[in-house]
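A closer look at the structure
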Amino acid sequence: MRTYRIAPSILSADFARLGDEVNAVVAAGADMIHFDVMDNHYVPNLTVGPLVCEAVCKTLRPVTDIPIDVHLMVRPVDRIVPDFANAGASIVSFHPEASEHVDRTIGLIHESGCKAGLVLNPATPLSVLDHVLHKLDLVLVMSVNPGFGGQQFILHALEKIRMLRERIDAIAAQSGRAVMLEVDGGVKVDNIAAIARAGADTFVAGSAIFASHDYASTIAAMRDALASAG
Ligand code: DX5
Ligand code: ZN
């Protein structure tokens, strides 16, 4: 069975109690913290930056080394990458449309000491990976258009995930390089197994977890569904 990771997105957390919220999802069994950064420019919403990332790391680091998975929805990208690395990010992902030089940005993320991810919007073709997949640690498939939590999963993403799984497995067979396949948007208890069967191994869930009354039982229900996916 594949190793599955569940990454609660802070976008749906209660921001007035953010420290308690991230500690609560860690205690509830989260594998990563997904940190959505929006600039009201590349996407039509505005969230949080490196200062808040640093504060989140400060509250978590004494108790856990859980990865902080930063999803940058900002343009330009490069200026802000070292700030997130210094703020404690483990993985930094960005959208190719938001970077002038995708290969350079990947290099910059690695030089900053983080793992690098590329994010594919629903209409972004897999061909953007053609000359960079072998350098990436993660590919994030958006199953909603970026900018807001609580949107409906776009079913067509499943086909893209299937095709991407083939490419990622081919890279692993050739070079032994493990690339995470993460999915973001509309992931719920009742569709997570189908997304896993399509080939995803890492699941962002915002509203499904933070809008539920019991984070631990929601994450446990997701794990049960994943176990049934094989
Ligand atoms: C959307 C964000 C997502 C969002 C997902 O642009 O990247 O991470 O929080 O929210 P849900 O899980 O509610 O669709
Ligand atoms: Zn996200």
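Below is a short write-up of the structure. Since we're looking at a predicted model, the values are computed, not measured.

Rules behind the numbers
- Residues numbered from 1 in each chain as written.
- Chains lettered and ligands numbered in written order.
- Predicted model: local features only at pLDDT ≥ 70, side-chain atom pairs only at ≥ 80, totals over all residues.
- Heavy atoms only, no water.
- Near = heavy atom within 4 Å.
- Polar contact = N/O pair within 3.5 Å; in protein donor to acceptor, adjacent residues only side chain to side chain.
- Areas by Shrake-Rupley, 256 points an atom, 1.4 Å probe, with all protein chains shown as cover.
- Helix = DSSP H or I, 4+ residues; strand = E, 2+ residues; numbered from the N terminus.
- Nonpolar A, V, L, I, M, F, W, Y, C, P; charged D, E, K, R; others polar.
- Donors = N, O, S within 2.8 Å, 3.2 Å for Na, K, Ca; no water.
- Buried < 20%, exposed > 50% of the residue type's maximum accessible area, 1.4 Å probe, protein only.
- Pairing = 2+ DSSP bridges.
- Axes fitted to C-alpha atoms, helices over the stretch in contact; angles between N-to-C directions.

With respect to the site of ligand 1
Taken together, 20 residues form the shell around ligand 1, and within it D36, D184, G186, G206 and S207 come nearest. G150 places a main-chain nitrogen or oxygen 2.8 Å from an oxygen atom of ligand 1. D184 is positioned with one of its side-chain polar atoms (N or O) 2.7 Å from an oxygen atom of ligand 1. When the free accessible area of ligand 1 is taken as 390 Å², the share hidden by the protein chains comes to 100%. Of all the elements in the fold, those that place two or more residues in the shell around ligand 1 are β2 (33-38), β3 (68-73) and β8 (202-205). Element by element, the count of residues in the shell around ligand 1 is highest for β2, at three residues. Here the shell around ligand 1 is built from residues that sort into eight nonpolar, 10 polar and two charged.

Regarding the coordination of the zinc ion (ligand 2)
Around the zinc ion (ligand 2), the protein contributes the donor atoms H34 (NE2), D36 (OD), H71 (ND1) and D184 (OD), at 2.1 to 2.3 Å from the metal centre. For the zinc ion (ligand 2), the donor residues sit on a single chain with the sequence spacing H-x1-D-x34-H-x112-D. Taken together, the residues H34 in strand β2 and H71 in strand β3 connect sequence positions 37 residues apart. The same class applies to H34 as to H71, namely buried.

Points about the environment of F94
Relative to the helices and strands, F94 is located in strand β4 (residues 91-94). The class of F94 is buried, set by a relative accessible area of 0%. Each C-alpha atom of the pair F94 and G49 lies 14 Å from the other, and the pair is 45 residues apart in sequence.

Some words on the sheet that holds strand β1 (residues 5-8)
Taken in spatial order, the eight strands line up as β1-β8-β7-β6-β5-β4-β3-β2 in an open sheet, and their pairing is parallel. The sheet terminates laterally at β1 and β2, the two strands that pair on one side only. Ignoring which end each strand starts from, the neighbouring axes of this sheet average 25° apart. Taken together, the three bridges between strand β7 (residues 180-184) and β8 define a ladder with parallel strand orientation.

Geometric values such as these leave the question of function open.
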